[in-house]
Amino acid sequence: MKRIDRIEKALGELGPNAKITASELAEKLELSRANVSNDLNQLCSAGISVKSGVKPVYYSLTESAQKKPDELPIETVGSFDRFLQENGSLLRIGELAKAAVLYPPQGMHIMLFGETGVGKSMFARMIFDYAVVQNRITDPETFVAFNCADYANNPELLLSQLFGVIKGAYTGADNDRSGLLEQADGGILFLDEVHWLPPGGQETLFMYIDHGKFRRLGETESTRTARVMLICATTEEPESALLRTFTRRIPMHIKIPNLEERTVEERLGLVTTFFSGESRRLGNPIKVSVNSMRALLGYVCPNNVGQLKSDIQLLCALAYSDYLSHKKDSISISSYGLPQNIRNGIFVEKNRRKIWSILAGIPSRFLTFDGGSVSPYFGGSLSHVSLGYPDGDIYGLIERRTEEMRRVGASQEQIDEIISQIMDGYYEQYAAPRNGVEYCSQDESVMGAEIATTSGKMLDMAARELGRTFNENIRYGLALHLNSAIKRIQRGLPIVNPQLRNIQEKWPDLFKTAQQILTLAEHDFNISLPPDEAGFLALFLVPKGSFIVKRSPVQVIVAAHGTGVATGLARTANWLLGAEVIEGFDVSPEENFGICFRKIKVFLEAHKEINEVLLLVDMGSLVNISYDLDRELGIRNECLSLVSTPHVVEAGSKVLLGYSLPDIYEAVRGVSLRILNERPGQNKPKEEKAEKLYILALCTTGEGSARVLKNHLNKELELYDGLCEVVTLQITDKRELAERIEHLGVEGRIIGVVSAFSTNVPVPHVSLTDGMSPGGIKQLQKLIDTERVFEQIRKNIRETLPSLGNTQVIGEARGMIERIGRALEVELDMEMLIGAFCHICCMLDRLKQGEKVGDFPDIQGWMQKYPREITVIRQECDSLAATAGVVIPLDEVCYILSFFKKESLL
């Protein structure tokens, strides 16, 4: 259970109309008061909790939140729906499971099958919880689980466990004993590894499934009854491992996909859940390095979710052991301590770009799991990002949303529109009181007395100038905003208002007043604020309702082939827009457009108010849905194919702006034309080819020997379709040899030399003898493989971090690492090279974006311990900084050194 869920549950246990303070609740739950206060505010924003009173502030559940589960609609109860929403690849099988639970009169038996570790047991338990919430099961203790494999070698004992036994049925049966069927009466019996159930046992279950009756082992005359829903699970194919007469009596067959078939976002959710669970178990926060997260998202996990959970538990146990033995000051996990099979996940090509995109926005080397949530740094993980507006930090909201829009290929016009909508929504939330709650009562406790006093003076001056009054929400919002602005100035971060010109033109009088009240903040805090900040302040002065734009009645529907494609596009667009305006419908490989149309039809029939639809499809027969919408439902619609994220975002944006269906259609169609016009050579950089790699084979004898060596290397090495080339050179003429080596160094990169003599080329050397042996071939192949992985990483860096589009900067970063390695006499391995390279590129990206880098934990100690090394790296950083146009602080110099020393920083 997440921390915020524990807090909500604790509020519910207080009883009707009971109230409690944040401090009292924190003490009761043994949690940090700051975390409890933050979660309580989130519950208030979601309408689940309300607060009252002034110093202290009391919290309680709203009346609707106090209702019992059976009084609430299905989508608001239990964790099953939430789980399915966060795991899109399981959505379809989840709906099948829910249908089985609700099937009259007492549910439909279910067969779960899938590989070891995919989560069949957990899924069965969630089905039971859902049945309890839906009042299909009244006793929450009637979930009985049994693993048939435990008695695989004793069929008689297995059957007695299932059906019970009467005294004397077999040797050792000294008493009558009920079986699991009787114990599960009124609930669910979960039979795991059901393929170990012998044919006789399967046949015995026939009678129960068909008639609801069974006999205990040894009974011949009387029968017994039980009301039990069966959930069977197997790792085998049911048709081949079980009697056909048994499987046909269980009509609902559900296959749970393995971990490889699920999305990166889902795997990230699992990793987050497991680390948070271990944090709760250990009672301490757990720090996990970004590279460790990359490895866990990418490594091959043959035993699926079960292995992923076990591996994470093992990592936490080892880190906890180091913490208890005082080897570390905290429970921390870094990539250096990962087992090799997990560490290899950093270099796996599958989903690498997606993994990098999700973790690209993290400003520090570690994420902290505190048992309730993970640090909110996931730039691309939509399931972990709130659609709400963060209190006070409009700057960060604009920056993050702009970066996300650029990543999905949105045009500047689209970005401007959406940022405008986000800003309108942000300020509109303060324009009117919410349920009569006075937010300003917490100004001083949250921001400090100085902020509250200054923001109050600013609004008082604005009230006099404009002849108006401002509600307490605006006072609270302004205080939060001012607090954020001052912190931003103190950190040296820029304040940029992308809507400044529009604000000046639309509300000139308010902007003038905002400039006046801006001087109060500058005076009270001895800071200088730019005109852009006056634009932000002016929006707090806008009258209530001025931001509201009537939303278009058009419903945007996305339909696309593949698991999670359409729903993923819809989820991405809704998150970027900050509103739920898009509906997605996935079409699995075995489905046709007719099935998809029926799903859309059900949705539209449940929303009678919809009479206009913009249909966005990927390809093929899905365009036929447009005709059926018109013919069967009489719904006016337009359809566009070859849908992409920019199309969906454009459509949703225009809906929020109140556009008509024809205008929305033309706007989205314009996105297609823009994409088609973006051809190579038209304001678009040419695609960069991979750098050519060379292995030099140097010979002193004739061409015959050189040809033999080259043929051997070409035969034994994987050169990846010409990515690497073996070049033979004669060393009889040293001047000519030097010129040839210099020429190859300009054309590409020399990565290794095979020679009987040493050379001045600063790359690994392999002797002629070793070059003909398996050991030498393995060494050369490792060099090629490292460069191939590095090339893919470099491409991902360019795509993921657009501020580093300058190829020279990326090349300089690589050269810098190699020069440092030579100067420090450190042999670079793959992990060191790629780890340092990724860190430097991300560091440069943050600096170019104006963000502050993290503080090095023991900077003084490292300066005393490694003065020479720090001097070497500092000189290299100065050169790189000049190329990139940034200033690299000393903290980053020490962080870079840590990659070469491989020492724990905790």
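To keep things clear, this report deals only with the structure shown in the data block. These numbers come from a predicted model, not from an experiment.

### Digging into the overall build of the protein
Assigned secondary structure in the protein consists of 38 helices and 23 strands. Residue burial in the protein is summarised as follows: out of 906 residues, 50% are buried. Within the protein, residue pairs in contact and separated by at least 24 positions form 73% of the contacts whose partners lie at least 6 positions apart. Surface accessibility of the protein: about 42,800 Å² in total, with carbon and sulfur atoms responsible for 49%.

### Observations regarding the sheet that holds strand β21 (residues 724-730)
In sheet architecture, strand pairing relies on hydrogen bonds along the backbone and comes in two forms, parallel and antiparallel. Read across the open sheet, the four strands follow the order β21-β20-β22-β23; overall the sheet is parallel. Across the chains shown, the open sheet's two edge strands, defined by having one partner strand only, are β21 and β23 (765-766). Two strands pair when backbone bridges link them, and strand β20 (residues 693-699) and strand β22 (residues 749-754) are joined in this way by five bridges, in the parallel orientation. Paired with Leu693 across the strands is Arg749, a residue of β22.

### Observations concerning the pairing of strand β4 (residues 110-113)
Alternating residues of β4 divide into Ile110 and Leu112 and Met111 and Phe113, and every residue in both groups is buried. In this sheet, strand β11 (residues 229-234) lies alongside β4 in parallel orientation, the contact comprising four bridges. Looking at β11, one finds that Met111 is bridged to Cys232. Where β4 lies against strand β12 (residues 252-255), four bridges are found, and the strand directions are parallel. Along β12, the bridge assignment pairs Ile110 with Met252.

### Some details on the packing of helix α23 (residues 508-525) against helix α24 (residues 531-540)
At their nearest, the axes of α23 and α24 sit 8 Å apart, and the two run at 115° to each other. The handedness of the crossing between α23 and α24 comes out as right-handed. Packed against α23, whose contacting residues are Leu510, Phe511, Ala514, Gln515, Ile517 and Leu518, the element α24 presents Pro531, Glu533, Ala534, Gly535, Leu537 and Ala538 at the interface. Taken together, the residues of the contact of α23 with α24 sort by class into nine nonpolar, two polar and one charged.

### A word on the state of the cysteines
Applying the stated criterion across every chain yields a total of zero disulfides. Left without a disulfide partner, Cys148 is nearest to the cysteine sulfur of Cys232, which lies 7.7 Å away. With a relative accessible area of 0%, Cys148 lands in the buried category. Free cysteine Cys894: the closest other cysteine sulfur is in Cys877, separated by 9.9 Å.

### Some thoughts on the pattern of salt bridges
For the coordinates displayed, the defined rule picks out 21 salt bridges. Salt-bridge contacts for Glu95 lead to Lys98; the nearest nitrogen and oxygen are separated by 3.2 Å. Within this pair, Glu95 and its partner Lys98 are both found in helix α5 (residues 91-102), separated by three residues, close to a single helical turn. One connected set of salt bridges, linked through shared partners, spans Lys601, Asp628, Arg631 and Glu632.

### So, the environment of Ile557
Structurally, Ile557 can be placed in strand β16 (residues 555-561). Classification of Ile557 by relative accessible area gives buried; the value is 0%. Taking the C-alpha atoms as reference points, Ile557 and Ile600, separated by 43 residues in sequence, lie 8.4 Å from one another. Dropping the residues within four chain positions of it, Ile557 is found in contact with Glu583, Phe585, Ile600, Phe603, Leu604, Val613, Leu614, Leu615 and Leu616.

### Focus: unusual backbone geometry
Cis geometry is adopted by the peptide bond preceding Pro105, which originates at Pro104 and carries an omega value of 0°. Looking at where Pro105 falls in the secondary structure, it is placed in the loop between α5 and β4. Even without being a glycine, Asn135 presents a positive backbone phi close to 60°. One non-glycine residue, Asn526, lies in the positive phi region at around 55°. On the secondary structure map, Asn526 appears in the loop between α23 and α24.

### So, the sheet that holds strand β17 (residues 582-587)
Pairing is parallel in the open sheet, where four strands are placed in the order β17-β16-β18-β19. At either end of the open sheet lies a strand with only one pairing partner, and these are β17 and β19 (636-640). Across this sheet, the average inter-strand angle for adjacent strands is 20°, counted without regard to direction. Bridge count between β16 and strand β18 (residues 612-617): five bridges; the pairing is parallel. By the bridge assignment for β18, Ile557 is matched with Leu615. Across the sheet, helix α28 (residues 645-656) touches β16, β17 and β18, and the angle it forms with β18 is around 165°.

### Brief notes about the packing of helix α26 (residues 593-606) against helix α27 (residues 624-633)
Where α26 meets α27, the axes come as close as 10 Å, and the angle between the chain directions of the two elements is 45°. By the angle between their axes, α26 is oblique relative to α27. Here α26 runs over α27; the crossing is right-handed. Together, Phe593, Cys596, Phe597, Ile600, Lys601, Leu604 and Glu605 of α26 and Asn624, Ile625, Asp628, Leu629, Glu632 and Leu633 of α27 make up the contact between the two elements.

### Here we look at α28
Helix length check: α28 (12 residues) gives 17 Å between terminal C-alpha atoms against 16 Å at 1.5 Å per residue, within 8%. Taken across its 12 residues, α28 has 12 buried, putting it largely inside the fold. Inspection of α28 places Thr645, Pro646, His647, Val648, Val649, Glu650, Ala651, Gly652, Ser653, Lys654, Val655 and Leu656 among the buried residues, and these make up the whole buried set. A positive phi of about 85° marks Gly658, the residue just after α28.

### Section: the pairing of strand β13 (residues 286-289)
Relative to strand β15 (residues 366-369), β13 runs antiparallel, the two sharing four bridges. Along β15, the bridge assignment pairs Ile286 with Phe369. Note that β13 and strand β14 (residues 331-333) share three bridges and pair parallel. When the sheet's bridge partners are listed, Lys287 is paired in β14 with Ser332.

### Here's the deal with the packing of aromatic side chains
Counted according to the given criterion, the structure contains 10 aromatic pairs. The interplanar angle of 40° and the centroid separation of 6.5 Å between the aromatic rings of Phe163 and Phe214 together place this pair among those described as tilted. Highlighted residues: Phe163 in helix α7 (residues 155-163) and Phe214 in strand β9 (residues 213-214), separated in sequence by 51 residues. As far as the burial class goes, Phe163 and Phe214 line up, both buried. Taking the centre distance of 5.8 Å and the plane angle of 65° together, the rings of Phe585 and Phe603 count as edge-to-face. One end of the pair, Phe585, is in strand β17; the other, Phe603, is in helix α26, with 18 residues separating them in the sequence. Taken together, Phe856, Trp862, Tyr866 and Tyr895 form an aromatic cluster joined through their ring pairs. The positively charged end of Arg249 is found above the aromatic ring belonging to Phe206, 4.3 Å away from the centroid. In this arrangement the basic side chain of Arg788 is found over the ring face of Tyr720, its NZ or CZ atom lying 4.0 Å from the centre.

Rules and cut-offs
- Residues numbered from 1 in each chain as written.
- Predicted model: local features only at pLDDT ≥ 70, side-chain atom pairs only at ≥ 80, totals over all residues.
- Heavy atoms only, no water.
- Helix = DSSP H or I, 4+ residues; strand = E, 2+ residues; numbered from the N terminus.
- Buried < 20%, exposed > 50% of the residue type's maximum accessible area, 1.4 Å probe, protein only.
- Contact = heavy atoms within 4.5 Å.
- Areas by Shrake-Rupley, 256 points an atom, 1.4 Å probe, with all protein chains shown as cover.
- Pairing = 2+ DSSP bridges.
- Axes fitted to C-alpha atoms, helices over the stretch in contact; angles between N-to-C directions.
- Left-handed = near helix turned anticlockwise from the far one by under 90°.
- Nonpolar A, V, L, I, M, F, W, Y, C, P; charged D, E, K, R; others polar.
- Disulfide = S-S within 2.5 Å.
- Salt bridge = Lys/Arg side-chain N within 4 Å of Asp/Glu carboxyl O.
- Parallel < 35°, antiparallel > 145°, perpendicular 65-115°, else oblique.
- Expected span 1.5 Å × (residues − 1).
- Phe/Tyr/Trp six-rings, centres within 6.5 Å; stacked < 30°, edge-to-face > 60°.
- Lys NZ or Arg CZ within 6 Å of the ring centre and 35° of its normal.

Read these as geometric descriptors, not functional statements.
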